[in-house]
Amino acid sequence: MTNKDVGPGYNRLYGVLYVLVLLWKVPAMGHCSFDICITNCVQCKKMFGPYFQGRVCADACVSTNGKIILDCNIPETVVTFLKRFH
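These numbers come from a predicted model, not from an experiment.

### Side note on the state of the cysteines
All told, the structure shown has 3 disulfides when counted by the stated rule. With a sulfur-sulfur separation of 1.9 Å, Cys37 is cross-linked through a disulfide to Cys61. Residues Cys37 and Cys61 share a disulfide whose torsion about the S-S bond is about -80 degrees; that sign makes it left-handed. Of this pair, Cys37 sits in helix H2 (residues 8-48) while Cys61 sits in helix H3 (residues 54-64), placing them 24 residues apart in sequence. Given a relative accessible area of 2%, Cys37 falls into the buried group. A disulfide bridge connects Cys44 with Cys72, and the sulfur atoms are separated by 1.9 Å. Between Cys44 and Cys72, the S-S dihedral sits near -110 degrees, and the bridge is therefore left-handed. Of the two residues, Cys44 is situated in helix H2 and Cys72 in the loop between H3 and helix H4 (75-78); the sequence distance between them amounts to 28 residues. For Cys44, a relative accessible area of 0% translates into the label buried. Exposure remark for Cys72: the relative accessible area of 10% places this residue in the buried category. Numbered in order of appearance, the disulfide-bonded cysteines of the protein chain are paired 1-5, 2-4, 3-6.

Definitions and limits used
Residues numbered from 1 in each chain as written. Predicted model: local features only at pLDDT ≥ 70, side-chain atom pairs only at ≥ 80, totals over all residues. Heavy atoms only, no water. Disulfide = S-S within 2.5 Å. Helix = DSSP H or I, 4+ residues; strand = E, 2+ residues; numbered from the N terminus. Buried < 20%, exposed > 50% of the residue type's maximum accessible area, 1.4 Å probe, protein only.

The values are spatial; any link to function lies outside them.
What follows is the structure, given as structure tokens:
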């Protein structure tokens, strides 16, 4: 069965379904990055304990909508959330 056998109505239907799937998936991807950001904050808090400002990290995730990249094993990404005890 080729595209000519199914008629133009089906092509339009597939196009609409494709757009709907994209519209549904794109916001979910942004939500996923927010979840990853918060999860990384929690992981760093577990690793660094009282030296890591978990609340500040979570606030940064909220304010940037999960766009910050945080990796507990890369000091450059967590240095702004670390605090020193004297």
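Still to come is the rest of the account.
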